[in-house]
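# Residue-level structure breakdown
What follows is each chain in one-letter form.
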Amino acid sequence: MTRFTTDHLKTFVTVIEYGTFDAAADVLGVSPSAISQRIKVMEQLAGKVLLRRTNPVTPTQAGQTYCPAK
């Protein structure tokens, strides 16, 4: 399994929980760009798309590995 930082995983779960990058950014106190960059890094490390950029954002099948409750 790919190793992500705590910030990566917290960001990933927050995006799924709140449904948008903007909402997750507000909750985490960072910019939407920072959220986007963290998710991009996660996807590069995993070598797979982890989130569907829909409204609300949802995990792909690969993303469910890191957030199976959703």
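The sections below set out a description of the structure shown in this document.

The secondary structure content of the protein chain amounts to three helices and two strands. Overall, the protein chain shows an N-to-C arrangement of helices and strands of α-α-α-β-β. In the protein chain, which comprises 70 residues, the share counted as buried stands at 34%. Long-range contacts, defined here as pairs at least 24 residues apart, represent 47% of the contacts in the protein chain between residues at least 6 apart. As displayed, the protein chain offers around 4300 Å² of accessible surface, 51% of which is attributable to carbon and sulfur atoms. Each charge class in the protein chain can be summarised by its mean position, and for the 8 positive and 5 negative side chains these summaries are 9 Å apart.

Membership of the largest hydrophobic core comes to 16 residues, with the highest contact counts inside it found for Phe12, Val15, Phe21, Ile35, Ile39, Leu50 and Leu51. Sorting the residues of this core by element identifies α1 (6-18), α2 (21-28) and α3 (32-46) as the ones contributing at least two each. In terms of residues, this core owes the most to one element, α3, which gives four residues.

Conventions we followed
Residues numbered from 1 in each chain as written. Predicted model: local features only at pLDDT ≥ 70, side-chain atom pairs only at ≥ 80, totals over all residues. Heavy atoms only, no water. Helix = DSSP H or I, 4+ residues; strand = E, 2+ residues; numbered from the N terminus. Buried < 20%, exposed > 50% of the residue type's maximum accessible area, 1.4 Å probe, protein only. Contact = heavy atoms within 4.5 Å. Areas by Shrake-Rupley, 256 points an atom, 1.4 Å probe, with all protein chains shown as cover. Lys, Arg positive; Asp, Glu negative; His and termini not counted. Charge placed at Lys NZ, Arg CZ, Asp CG, Glu CD. Core = buried A, V, L, I, M, F, W, Y, C linked by side-chain atoms within 4.5 Å.

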